[in-house]
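# Tertiary structure, described
One letter stands for each residue in the lines below.
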Amino acid sequence: MRLDVIIRVSIKVLLPFILMFGLYVQFHGDYGPGGGFQAGVVAAATVILYAIIFGLAPTKRIIPPLMVEIMIPLGVLIFAGVGVVGLLVGESYLNYSVLAHDQIHGQEWGIFLVEAGVFVTVAGTMVAIFYAFTGRGRS
Amino acid sequence: MVLLTLMAAVVIGIVRVRNLFSVVVLGGIYSFLMATVMLVLDAVDVAMTEAAVGAGVSTVLMLSVLYLTKTEEHVPQHTPIVPLFVAIVTGAVLVYGTIDKPAFGIADTPMHNHVGARYLEQSIPETGVPNVVTSVLASYRGFDTLGETTVIFTAGIGVLLLMKRRSRKVDRSSDEEQG
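Residues numbered from 1 in each chain as written. Chains lettered and ligands numbered in written order. Predicted model: local features only at pLDDT ≥ 70, side-chain atom pairs only at ≥ 80, totals over all residues. Heavy atoms only, no water.

### Overview of the overall build of chain B
When its secondary structure is counted, chain B shows seven helices and zero strands. Start at the N end of chain B and walk to the C end: the helices and strands fall as α-α-α-α-α-α-α. Taking the contacts inside chain B whose residues are at least 6 apart along the sequence as the reference set, 44% of them involve residues at least 24 apart. Carbon and sulfur atoms provide 70% of the accessible area of chain B, an area that totals close to 12,500 Å². (Helix = DSSP H or I, 4+ residues; strand = E, 2+ residues; numbered from the N terminus. Contact = heavy atoms within 4.5 Å. Areas by Shrake-Rupley, 256 points an atom, 1.4 Å probe, with all protein chains shown as cover.)

### Concerning the interface of chain A and chain B
Across the boundary between the two partners, chain A contributes 42 residues, which contact 41 residues of chain B. Summed over both partners, the interface of chain A with chain B comes to about 3,900 Å²; 77% of that surface belongs to carbon and sulfur atoms. At the surface where chain A touches chain B, the tally comes to zero salt bridges. Secondary structure elements with two or more residues in the side of chain A that touches chain B: α1 (5-27), α2 (36-54), α4 (65-89) and α5 (103-134) of chain A. The biggest single contributor to the side of chain A that touches chain B is α5 of chain A, with 17 residues. (Buried area = accessible area lost by both parts, 1.4 Å probe. Salt bridge = Lys/Arg side-chain N within 4 Å of Asp/Glu carboxyl O.)

### What about the environment of V11 of chain B?
Looking at the secondary structure, you find V11 of chain B in helix α1 (residues 2-16). C-alpha separation for the pair V11 of chain B and G27 of chain B, spaced 16 residues apart in sequence, amounts to 8.3 Å.

It is worth stressing that arrangement in space is one thing and function is another; only the former is reported here.
Structure representation (structure tokens):
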């Protein structure tokens, strides 16, 4: 693994841009193509690429498996929780209009939170599956 | 058309090659071609997903599975006539099904006459989101997206349950062997 200098250096240059593109897709989903699912997949691909080049152990130090496993249900909870807020105020489930003072801002907040939930679950699941497969040695 | 021909060539390659490593790489190439087709069809978000999941993550997962198993496929023992027959009949039924579909790009299909027009007109006044795909996915069809997220959640939990339990069992048995 010491000799592949070109791969290491070029990946080190590329990784921040890939992660940045993932976050751009996440937060720009209102205006351009994309959203939580695509952004989560791109972010997970960044982590997996890092693990391929620099090994599994350093990756697990940056992103511990426990955190990834918490992320999987956390995203669904964020999504479902946004719906419950609507119920508490007396509106229907997943009605975002109650989240702010007027409808447009409520929708904006609702879509933002919901996409964040999708992002968290998708990224968590992808990385968790990757960890589960690569964590097993050859039996 | 060029893309579809290339895809057909890749599929023939996948069927012919016995080395599973090459099959995985060819699968990645197929996914990239599929992503390009989606790009041509103006579905950029689908293309992004296909390139990241189909060509990226699933190829890596397949390779890590190959690391755990053998990389050569066995020579099949049965004749391929029955599977070939089933595949041809299924394909013929699908082609027969497409005959009744409206022509590509026509304006008065049921898809455009139902709720689609309302979404296109009301998305900006009702949600303030210029990208209609996002407003439909996250707001108008929020329940569907919640269901999709739950599906991903369930899949992740299922894989973790299967893989984690077995690896822990292996650890325990190796501990017993050592002790």
